[in-house]
Amino acid sequence: MKENLVMSMNPLVSYLKKDSKEFTKADIMKYIEENKIQMVNFRYVAGDGRLKTLNFVLNNREYLDQILSAGERVDGSNIFPSFIHAGSSDLYVIPRFSTAFVDPFAEIPTVSMLCSYFNKDGQPMENSPEYVLRKAAESFTKVTGMNFQAMGELEYYVIGEKEDLYLTPDQRGYHESTPFTKFEEFRTECMLAISKVGGQIKYGHSEVGNFTLEDKIYEQNEIEFLVTDVQDAADQLVLAKWIIRNLAYQYGLDVTFAPKITAGKAGSGLHIHTRIVKDGKNQYVTKGKLNTIAKSAIAGYMTCASSLTAFGNTNPTSYFRLVPHQEAPTSICWGDRNRSVLVRVPLGWTHKNDMVAMVNPLEKAGNRDFAQKQTVEFRCPDGSADIYLLLAGLCVAARHGFEMEGALDLAKKTYVDVNIHKTENKEKLESLAQLPASCWESADALCAHRDIFEKHGVFAAEMIDDIIKQLKSFQDQNIREEIKNHPEKMLELVHNYFHCG
């Protein structure tokens, strides 16, 4: 563990020589005083999914102690305008010391922290997305006796000046190297910056999508994280999006996490991998095979799939991405290593072969168990997602898999081992339920499943009402027919939601 602390990219972890989960107020004050930090930033996610900021100049030690001990008050009606009104809008923002990091963009030495919202009575704000996720994780553990973990695959397009040298064929950018990929240096700098604020990154690479339009090149990239506790996974994704946008601004580039930016090209998803653990051990696999715990969770995803789009596919452009043959799912089904399904069980290390020893003769064959790496991937969310609510929804759906009747039967019924989009598999495709085709249909699905999400007090009824109202407000129930008749409408919507999430 001490070696991990020394190797940590987060300066606070290295300096304090303790894991960030163990940070106390005294630790934060010590770091600030001994490293001559001049400013503290409170950062908190608003209803639009973006980080908001409150800056504090550190006048003296007493003032530092005060803001770390009491937090500060903010105007909730501007942070959550859809359900907090000006008549009684004050909220407290309270720093979470475990999230502290040195701000990579501040010219003045600055420490930032993510915050939680509290109401006038000093209680967690019931409808705060971060608190909803906390409740979802706690209810999962209470019901199952296990812990829910997750990680995200963050896809995005980088947009820069068109070049004529070393062009990659259209939609063939997967894992490309320089000079055929143009923004690898930008991606790796993003990865280092994310690591320094506490993000646990698995890897980064260029993705399938790449094309040129007029004088611009559009190149899709992905940064994938390591599996961790679900609340930490959400924080990491929020900070990663903030860092990527800030660095793009410094580079003079544009970046978009939008689900779809033009017809016929790969859209950007936010695939979420999940894992269930107990006593630190992966519970998805028994003797190298997916077990009933995994299949119960998958049954929950199958049941709630259509309504989960209410949290993970939140504007009309989301449904331009969820079409066949565009690297995105459309049918509610699951399978092993199958990229045409909604829930995919990716290749795991469940065999007994030591592949490294096979290709490196100087290495002795070992018997390490890598089953810990096995995850289950939910593939329909995109960059418009409310990250905290999406992960809360997945946590609830997995829990429901353990509470519902006939979970294993449903898992069996929705399993596919073929590419469902091939002509010869038409009958199988027609037997499967389909994902919503619009925000309107997503709202209807959430309405049908709201009891599942409200159970155990995870999602408040008024929050579900608000989400349904927001989705219905797009009036997009006929969006695909409208786009067919008026193609220019797609460009208008893409422009409106280009910087969503």
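Everything here concerns the structure above.
Let us look at the structure shown here. (Residues numbered from 1 in each chain as written. Predicted model: local features only at pLDDT ≥ 70, side-chain atom pairs only at ≥ 80, totals over all residues. Heavy atoms only, no water.)

Broken down by element type, the protein carries 18 helices and 18 strands. Taking 501 residues into account, the globule formula puts the C-alpha radius of gyration at 23 Å, and the protein, at 23 Å, falls close to it. Each of the three principal axes of the protein carries a C-alpha extent, and together these read 70 × 70 × 55 Å. A burial count over the protein gives 54% of its 501 residues as buried. Sequence separation of at least 24 residues holds for 72% of the intrachain contacts in the protein that already meet a minimum separation of 6. (Helix = DSSP H or I, 4+ residues; strand = E, 2+ residues; numbered from the N terminus. Rg over C-alpha atoms; globule rule 2.2 N^0.38 Å. Buried < 20%, exposed > 50% of the residue type's maximum accessible area, 1.4 Å probe, protein only. Contact = heavy atoms within 4.5 Å.)

Those residues of helix H18 (residues 488-496) not exposed but buried are Met 490, Leu 493 and Val 494. Angularly, the buried residues of H18 cover 100 degrees about the axis, an arc narrow enough to put them on a single face. In this structure, H18 carries Leu 491 and His 495 as exposed residues pointing more than 90 degrees from its buried face. On its buried face, H18 is in contact with helix H10 (318-321) and helix H17 (479-485). (Arc of directions from axis to C-beta.)

Our focus in this paragraph is the environment of Ile 223. Position of Ile 223 relative to the elements: it lies in strand S9 (residues 216-225). Under the relative-accessibility criterion, Ile 223 is labelled buried at 0%. Spatially, the C-alpha atom of Ile 223 lies 33 Å from that of Asp 444, the residues being 221 residues apart in sequence. Not counting the four nearest positions on each side in its chain, Ile 223 is found in contact with Gly 152, Glu 153, Leu 154, Tyr 156, Arg 187, Cys 190, Met 191, Ile 194, Ile 201, Tyr 203, Gly 204 and Ile 244.

Attention shifts here to the packing of aromatic side chains. With the rule as written, the count across this model stands at 20 aromatic pairs. Pairing Phe 211 with Tyr 218 gives two aromatic rings, centres 4.7 Å apart and planes at 10 degrees, and the pair type is stacked. Of the two residues examined, Phe 211 and Tyr 218, each falls in the buried class. Counting every residue linked through ring pairs, the aromatic cluster contains Phe 42, Phe 56 and Tyr 63. Stacked on the ring of Phe 257, the Lys or Arg Lys 241 has its end atom at 5.0 Å from the ring centre. The lysine or arginine in question, Lys 373, covers the ring of Trp 349, its NZ or CZ lying 4.4 Å from the ring centre. (Phe/Tyr/Trp six-rings, centres within 6.5 Å; stacked < 30°, edge-to-face > 60°. Lys NZ or Arg CZ within 6 Å of the ring centre and 35° of its normal.)

This part covers the packing of helix H9 (residues 292-312) against helix H12 (residues 387-403). Following both chains from N to C, one finds H9 and H12 inclined at 140 degrees, their axes separated by 7 Å at the closest point. As judged from the angle between their axes, H9 and H12 are oblique. The interaxial crossing formed by H9 with H12 has right-handed handedness. Contacts between H9 and H12 involve Ile 293, Ser 296, Ala 297, Gly 300, Tyr 301, Thr 303, Cys 304, Leu 308, Phe 311 and Gly 312 on the former and, on the latter, Leu 389, Leu 390, Gly 393, Leu 394, Ala 397, Ala 398, His 400, Gly 401 and Phe 402. Within the contact of H9 with H12, the residues separate by chemical class into twelve nonpolar, seven polar and no charged. (Axes fitted to C-alpha atoms, helices over the stretch in contact; angles between N-to-C directions. Parallel < 35°, antiparallel > 145°, perpendicular 65-115°, else oblique. Left-handed = near helix turned anticlockwise from the far one by under 90°. Nonpolar A, V, L, I, M, F, W, Y, C, P; charged D, E, K, R; others polar.)

What follows is about the pattern of salt bridges. With the rule as written, the count across this model stands at 23 salt bridges. The residue Glu 403 makes a salt bridge to Arg 399 at a minimum N-O spacing of 3.1 Å. Here Glu 403 pairs with Arg 399, and both are found in helix H12, just four residues apart, close to one helical turn. Residue classification places Arg 399 among the buried residues on the basis of a relative accessible area of 0%. One connected set of salt bridges, linked through shared partners, spans Asp 48, Arg 50 and Lys 52. (Salt bridge = Lys/Arg side-chain N within 4 Å of Asp/Glu carboxyl O.)

Moving on: the pairing of strand S12 (residues 270-278). Across the nine residues that make up S12, a large majority, eight, are buried. Sheet analysis places strand S7 (residues 147-161) next to S12, joined by eight bridges and oriented antiparallel. Residue pairing for S12: Leu 154 is matched across the bridge by Leu 270. Bridge count for S12 against strand S13 (residues 281-282) is two bridges, and the pairing is antiparallel. Within S13, the residue paired with Lys 278 across the bridge is Lys 281. (Pairing = 2+ DSSP bridges.)

Here we take up the packing of helix H15 (residues 439-454) against helix H16 (residues 461-472). Working note: a packed helix pair is described by the angle between its axes plus the distance between those axes. Where H15 meets H16, the axes come as close as 8 Å, and the angle between the chain directions of the two elements is 170 degrees. If you check the angle between H15 and H16, you find them roughly antiparallel. Residue-level inspection shows Cys 439, Trp 440, Ser 442, Ala 443, Asp 444, Leu 446, Cys 447, Arg 450, Phe 453 and Glu 454 of H15 in contact with H16, the latter providing Ala 461, Ile 464, Asp 465, Ile 467, Ile 468, Leu 471 and Lys 472. Residues belonging to the contact of H15 with H16 are distributed by class as follows: eleven nonpolar, one polar and five charged.

Turning our eyes to something else, we now look at the side chain of Gln 149. Along the chain, Gln 149 turns up in strand S7. Classification of Gln 149 by relative accessible area gives buried; the value is 10%. A distance of 3.3 Å separates a polar atom in the side chain of Gln 149 from a polar atom in the side chain of Asp 229. Apart from the residues lying within four places of it in its own chain, the contact partners of Gln 149 are Val 227, Thr 228, Asp 229, Val 230, His 273, Thr 274, Arg 275 and Val 277. (Polar contact = N/O pair within 3.5 Å; in protein donor to acceptor, adjacent residues only side chain to side chain.)

As a further point, take helix H6 (residues 129-144). Along its 16 residues, H6 runs 23 Å from first to last C-alpha, staying within 8% of the 22 Å computed at 1.5 Å per residue. Within the sequence span of H6, burial applies to Pro 129, Glu 130, Tyr 131, Val 132, Leu 133, Lys 135, Ala 136, Ala 137, Ser 139, Phe 140 and Thr 144. Here the buried face of H6 lies against strand S6 (110-118), S7, helix H8 (230-251), S12, H12 and H16. Directly beyond the C-terminal end of H6, a positive phi value near 75 degrees is found at Gly 145. (Expected span 1.5 Å × (residues − 1).)

Quick look at the nonpolar core now. Residues Phe 186, Ile 244, Tyr 301, Leu 391 and Phe 459 are the most contacted members of the largest nonpolar core, which totals 99 residues. Element by element, the count of residues in this core is highest for H8, at twelve residues. Residues in contact with Leu 391, not counting those within four places in the same chain, are Leu 133, Ala 150, Val 230, Ala 233, Ala 234 and Ile 272. The next biggest cluster of nonpolar side chains, apart from the first, holds 31 residues, and it includes Phe 23, Ile 32, Ile 67 and Leu 68. (Core = buried A, V, L, I, M, F, W, Y, C linked by side-chain atoms within 4.5 Å.)

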